[in-house]
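Report on the structure
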Amino acid sequence: MWTMLAKFVLKNKVVLLILLLLSTLLMGYYASKIKLSYEFAKAIPTDNPKYKDYQDFKATFGDDGNTMVIGVVQKDLFSLKNFIAYRQLHKDIRTVKSVEDVLSVPSAITLLKDSLGERLIASKVFPETILSQYQLDSAKAEFLNLPFYRGLMYNPATNAYLMAVRINKDVLASKERSIVIENISKLANAFGEKTNSTIHLSGLPLIRTVVADRIQAEMKVFLIGSLLLSILMLLLFFRSITTTLLSMSVVIIGVIWSVGIMQLMGYQISLLTALIPSLVVVIGIPNCIYFINKYHTGYLSTGNKEQSLIDMVSKMGIVTLFCNITAAIGFAVFAFTKSAILKEFGAVAGISILLIFVVSFILLPGVLSLLHTPKPREIKYLQARWIHSFLAKLEHWVFNYKKPILYTTVVIVAISIVGIFKLQTLTRIVDDLPKDDLIYKDLRFFENNFKGVMPLEIVLDTKKRRGLSGMRALNIYNKLDSLAMFIAAQPNMNRPLSIAEGLKFAKQGFYEGDSLNYAIPNAFDGAFVGEYLRPSKEGQAENNFTKMLRSFVDSSNQKTRLSVNMADVGTQKLPGLLNAIEQRAHQLFDSSYNVTLTGTSITFLEGSHFIINGLKESIFWAFLLIALCMLYLFRSFRILICSLLPNLVPLLVTAGVMGWADVPLKPSTVLVFSVALGIAVDITIRFLVNYKQVLPFNGNDVATAVSLTIKQTGLSIIYTSIVLIAGFVIFCASSFGGTFALGWLTSLTLVVATITNLLLLPVLLLLTKNKKK
């Protein structure tokens, strides 16, 4: 069958090449329409209860992840010059397009008692015009007497001040957000230069924007880098510009198709899918090496160009097909997880890898048949002394050191298993940023001074319309305040903001600013609460304080929220903190209330669990499906066992190294195992197919077949392994921890896989040779 396909491709090469060109132009058109994703990782399935809770929260109270924060440590902030500059920063940021609101010290308000109107009036602490330091000092004293702002807008112990900038949520889901973030950052940094202060910027809008922009930049760098590296490798191997250009044409077409498929499937470029073009290059180059190496080997022995091309397609076609199938399985199994971001990555990567085989199968024989016959310098690599000397040593080790190879393998596996027991699962929201990155450092600044900026939301549902209205709600607010005090006592959580804090502030205003009265109103002084909570009178504009408080109760006065800013504690500590909060909430509120924990911190935790569990499952399914492919291909349980062990050992070694090196299990590191397994099995298939082909021609003598296979496939296996390892090593230049981990861990797995397939696999074949096949 494969011989017929080979003749068909060669006979109809012109038509097939034209069709390939036209389809590539069409896919190029779709690829040009691809857009960058501005959504955070879509890790949770839409039918997940946590996802539904979060969507319900956003529908009721709005988005919790649209606030950018600006921090500064300035002990002289209340000097007249610095304060005026800080107020001007507030005003300038407020004028930035898509900025909805700004909260900072200069915009602070206090509540004044209007005895005649029997209501509280919001008044600015700092007048619009401040003419003297004395006037500013007086306002400062009034501000510091307001406990509401302490810990939220300033930290008196460190002289740190925080400015919160709320950005339009629709803009944050578009490419314009980069411009908005940049404009805010420029204004903040200009203030820092003017006042000789260090500015710290953070918040989810900033973190997401930086990640998205770097993805776009790194995608281009890694794609260009992988192409240049591939060109260098091919020139070193084949010493031919035409062969190199032909191979590069294969991978470039593959890249165009992969991006086009992404667009056709309705996906956008995310942190994971941005890796696919570079992966296509890395995986496509070995296809070219194996095909061309077989062509050169055949031509060197026969001198017949056409027959060499037929042999190339007929003998390497099935091998390359199954190699691509197993590689595709390593990626495609992600499509069966419940995580949307993994589904996208798995589907696009799996299809792209299969299509790179189609491109190779059509383009390589078609173009090679039109080119000149291989020149002596182009096939000189086949007679390289160093590689033949190395292969001779491998053969010597395989036949003379079987037991030492097995014992060494057992020892390495044992050490690796000990390391596996040291593995821990730990993920943080900013995990993929290096610890010396400015974004990471700035986040730590806010954690040290304000206990963090990661949002956690707690929703209390009274299950009654207007259940939060009037004097009867004071008991609820007291309990809510007790919960808030419990949360504030946690080392990684700031004092929560809720309607209870607003009532405390209102009581302080009612008692003419006495900070000792910053407390929940009781039955005696609570008569003003209902009046205070009513909407503003007609013609009277709401100030920042009243607008903020109104956002903490839904329109039916049935639900209220308690908003917490917390540190990025990671998935190990977060469940314990959440459980403690839930237990305290259930102590305070009986079954007539419903308490729900939600927000970005919750969805992040749930998403991390889904991704890691999905990746663990994908490893199992990848191993099972690849085993079935091997069983179908070789029709022998003996060879199946021999083939799987050399690929299981590299995975164990990599997991063990992670344990010994304190590299935690997280989405980016678990991803390595399925990817590396799918690629490493390629080596096994190429070795065993050649072994099965030569075995009948040598009287079913296993020893002779193993010896010939090492000599015939060793060169191409080593060359392709070098290309693959070098191709993944380039990811180590990434500024993202996940991409960096993908680079060095996959390279490590492939190094070990190459060794086990060239040493352990032939040893296993020799030790089981008493059985047929």
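Here is a short report on the structure shown in this document. Computed from a prediction, not measured in an experiment: that's the story for all the values here.

**Some details on the overall build of the protein chain**
When its secondary structure is counted, the protein chain shows 24 helices and 10 strands. Considering only C-alpha atoms, the protein chain reaches an extent of 110 × 45 × 45 Å along its principal axes. Scored against the burial criterion, the 773 residues of the protein chain give a buried share of 58%. Partitioning the intrachain contacts of the protein chain with sequence separation of at least 6 by distance along the chain shows that 79% fall at a separation of at least 24. Split by element, the accessible area of the protein chain, about 33000 Å² in all, is 60% carbon and sulfur. Each charge sign in the protein chain was given a centre, from 76 positive and 51 negative side chains, and these centres are 12 Å apart.

**Considerations on empty space enclosed by the protein**
In total, this model carries seven cavities of 30 Å³ or more according to the counting rule given. Taken as a whole, the largest cavity encloses approximately 80 Å³ of empty space. Along its surface, the largest cavity is lined by 11 residues, and Glu 218, Met 219, Phe 222, Ala 274 and Leu 275 are the ones closest to its centre. Here the lining of the largest cavity gets four residues from one element, more than from any other, and that element is helix H7 (residues 204-238). Of the residues assigned to the lining of the largest cavity, the class counts are eight nonpolar, two polar and one charged. Around the second largest cavity sit Thr 242, Thr 243, Tyr 295, His 296, Leu 368, Leu 371, His 372, Pro 374 and Glu 378, which together line it. Here the residues of the lining of the second largest cavity sort into four nonpolar, four polar and one charged.

**As for the packing of helix H8 (residues 241-264) against helix H11 (residues 340-370)**
Here H8 crosses H11 at 145 degrees, and the two axes come no closer than 9 Å. In the crossing of H8 with H11, the sense of the turn from one axis to the other is right-handed. Here H8 contributes Leu 246, Ser 249, Val 250, Val 251, Ile 253, Gly 254, Trp 257, Ser 258, Ile 261 and Met 262 to the contact with H11, which in turn contributes Val 348, Ile 351, Ser 352, Leu 355, Ile 356, Val 359, Ser 360, Leu 363, Leu 364, Val 367 and Leu 368. Residue composition of the contact of H8 with H11, by class: 16 nonpolar, five polar and no charged.

**Remarks on the packing of H7 against helix H9 (residues 276-302)**
Packing of H7 against H9 leaves a shortest axis separation of 9 Å and a crossing angle of 15 degrees. Between H7 and H9, the interaxial angle falls into the category roughly parallel. Along this stretch, H7 crosses H9, giving a crossing that reads as right-handed. Every residue of H9 that contacts H7 at Met 219, Phe 222, Leu 223, Ser 226, Leu 227, Ser 230, Leu 234, Phe 237 and Phe 238 is listed here: Pro 277, Ser 278, Val 281, Ile 285, Ile 289, Ile 292 and His 296. In terms of residue class, the contact of H7 with H9 is built from 12 nonpolar, four polar and no charged.

**Description of the pattern of salt bridges**
Under the definition given, this model contains 10 salt bridges. Residue Asp 101 is joined to Arg 166 by a salt bridge in which the shortest nitrogen-to-oxygen separation is 3.9 Å. Of the two residues, Asp 101 is situated in strand S2 (residues 99-103) and Arg 166 in strand S6 (residues 160-167); the sequence distance between them amounts to 65 residues. Residues Lys 186 and Glu 182 are paired through a salt bridge, measuring 3.4 Å at the closest nitrogen-oxygen approach. Residue Lys 186 and its partner Glu 182 are both found in helix H6 (residues 176-195); the two are separated by four residues, about one turn of the helix. On the accessibility criterion, Lys 186 (51% relative accessible area) is exposed.

**Some remarks on helix H21 (residues 637-660)**
For the α-helix, the turn length of 3.6 residues means that residues three or four positions removed from each other point alike. When the terminal C-alpha atoms of H21 are compared, their 34 Å separation across 24 residues agrees well with the 34 Å that a helix rising 1.5 Å per residue should span. Of all 24 residues in H21, 17 are buried, a share of seventy percent or more. The opening residue of H21 is Ser 636, an N-cap whose side-chain oxygen sits 3.4 Å from the backbone nitrogen of Arg 638. Just downstream of H21 lies Asp 662, where phi reads positive at about 60 degrees.

**Focus on the state of the cysteines**
A complete count under the given rule lists zero disulfides for this structure. We note that Cys 323 lacks a disulfide partner, and the nearest cysteine sulfur, in Cys 629, lies 11 Å from it. Note on Cys 323: relative accessible area 0%, which makes it buried.

**Some words on helix H20 (residues 600-634)**
Its 35 residues place the ends of H20 49 Å apart at the C-alpha level, agreeing with the 51 Å of an ideal helix rising 1.5 Å per residue. The first or second residue beyond H20 is Arg 635, which carries a positive phi of 50 degrees.

**What to know about the side chain of Asp 442**
Note that Asp 442 resides in helix H14 (residues 438-450). Among buried charged residues, Asp 442 stands out as having no salt bridge; its nearest opposite-charge side chain is Lys 441, 8.6 Å away.

**Comments concerning the nonpolar core**
By size, the foremost hydrophobic cluster in this structure holds 259 residues, and its most contacted members are Phe 126, Tyr 149 and Ile 184. If one sorts the elements of this core by residue count, helix H22 (residues 667-694) sits on top with 17 residues. Contacts of Tyr 149, omitting those with residues within four sequence positions, involve Ala 108, Ile 109, Phe 143, Tyr 154, Arg 495 and Phe 505.

**Some details on the packing of aromatic side chains**
In total, this model carries 26 aromatic pairs according to the counting rule given. Relative to Phe 143, the ring of Phe 126 has its centre 5.8 Å away and its plane inclined at 45 degrees; by these criteria the two rings are tilted. Here the residue Phe 126 occupies a position in the loop between strand S4 (119-124) and helix H5 (133-144), and Phe 143 occupies one in helix H5, the gap between them amounting to 17 residues. The two residues Phe 126 and Phe 143 agree in class, both being buried. Seen from their ring centres, Phe 620 and Trp 621 are 5.3 Å apart, and the 70 degrees between their planes marks the pair as edge-to-face. Taking the relative accessible area as the measure of exposure, Trp 621 reaches 45% and is therefore partly exposed. A connected cluster of aromatic rings, assembled from ring pairs, spans Phe 78, Phe 83, Phe 126, Phe 143, Phe 148, Tyr 149, Tyr 154, Tyr 161 and Phe 505. The ring of Tyr 632 has Arg 635 sitting right over it, with the charged end atom 4.5 Å from the ring centre. The ring of Tyr 290 has Arg 686 lying over it, and the distance from NZ or CZ to the ring centre is 3.2 Å.

**Description of the environment of Leu 764**
Topologically, Leu 764 is positioned in helix H24 (residues 737-767). On the basis of relative accessibility, which here comes to 12%, the residue Leu 764 falls in the buried class. Separated by 366 residues in the primary sequence, Leu 764 and Val 398 place their C-alpha atoms 9.6 Å from one another. With residues up to four places along the chain from it excluded, the contact list for Leu 764 reads Leu 406, Cys 642, Leu 645 and Pro 646.

**What about unusual backbone geometry?**
One non-glycine residue, Lys 451, adopts positive backbone phi at about 65 degrees. Secondary-structure assignment places Lys 451 in the loop between H14 and strand S8 (454-461). Positive phi, normally seen in glycine, also occurs at Arg 635, with a value near 50 degrees. Inspection of the secondary structure puts Arg 635 in the loop between H20 and H21.

**Re the sheet that holds strand S9 (residues 559-566)**
An order of S9-S8-S10 is seen for the three strands of this open sheet, with the pairing classed as antiparallel. For this open sheet the edge positions go to S9 and strand S10 (594-598), each flanked by a neighbour on one side alone. Between one strand and the next, the sheet's axes are offset by a mean angle of 20 degrees, whatever the strand orientation.

**Thoughts on the side chain of Ser 240**
Within the secondary structure layout, Ser 240 lies in the loop between H7 and H8. Side-chain polar atoms of Ser 240 contact the side chain of Thr 243, separated by 3.1 Å. Residue contacts for Ser 240: discarding those within four places in its chain leaves Leu 235, Arg 377 and Glu 378.

Criteria and cut-off values
- Residues numbered from 1 in each chain as written.
- Predicted model: local features only at pLDDT ≥ 70, side-chain atom pairs only at ≥ 80, totals over all residues.
- Heavy atoms only, no water.
- Helix = DSSP H or I, 4+ residues; strand = E, 2+ residues; numbered from the N terminus.
- Buried < 20%, exposed > 50% of the residue type's maximum accessible area, 1.4 Å probe, protein only.
- Contact = heavy atoms within 4.5 Å.
- Areas by Shrake-Rupley, 256 points an atom, 1.4 Å probe, with all protein chains shown as cover.
- Lys, Arg positive; Asp, Glu negative; His and termini not counted.
- Charge placed at Lys NZ, Arg CZ, Asp CG, Glu CD.
- 1 Å grid on protein atoms, 1.4 Å probe; cavity = no way out; pocket = protein on both sides within 12 Å on 5 of 7 lines; lining within 4 Å.
- Points joined across faces, edges and corners; volume = space filled by probe spheres on them.
- Nonpolar A, V, L, I, M, F, W, Y, C, P; charged D, E, K, R; others polar.
- Axes fitted to C-alpha atoms, helices over the stretch in contact; angles between N-to-C directions.
- Left-handed = near helix turned anticlockwise from the far one by under 90°.
- Parallel < 35°, antiparallel > 145°, perpendicular 65-115°, else oblique.
- Salt bridge = Lys/Arg side-chain N within 4 Å of Asp/Glu carboxyl O.
- Expected span 1.5 Å × (residues − 1).
- Polar contact = N/O pair within 3.5 Å; in protein donor to acceptor, adjacent residues only side chain to side chain.
- Disulfide = S-S within 2.5 Å.
- Core = buried A, V, L, I, M, F, W, Y, C linked by side-chain atoms within 4.5 Å.
- Phe/Tyr/Trp six-rings, centres within 6.5 Å; stacked < 30°, edge-to-face > 60°.
- Lys NZ or Arg CZ within 6 Å of the ring centre and 35° of its normal.
- Pairing = 2+ DSSP bridges.

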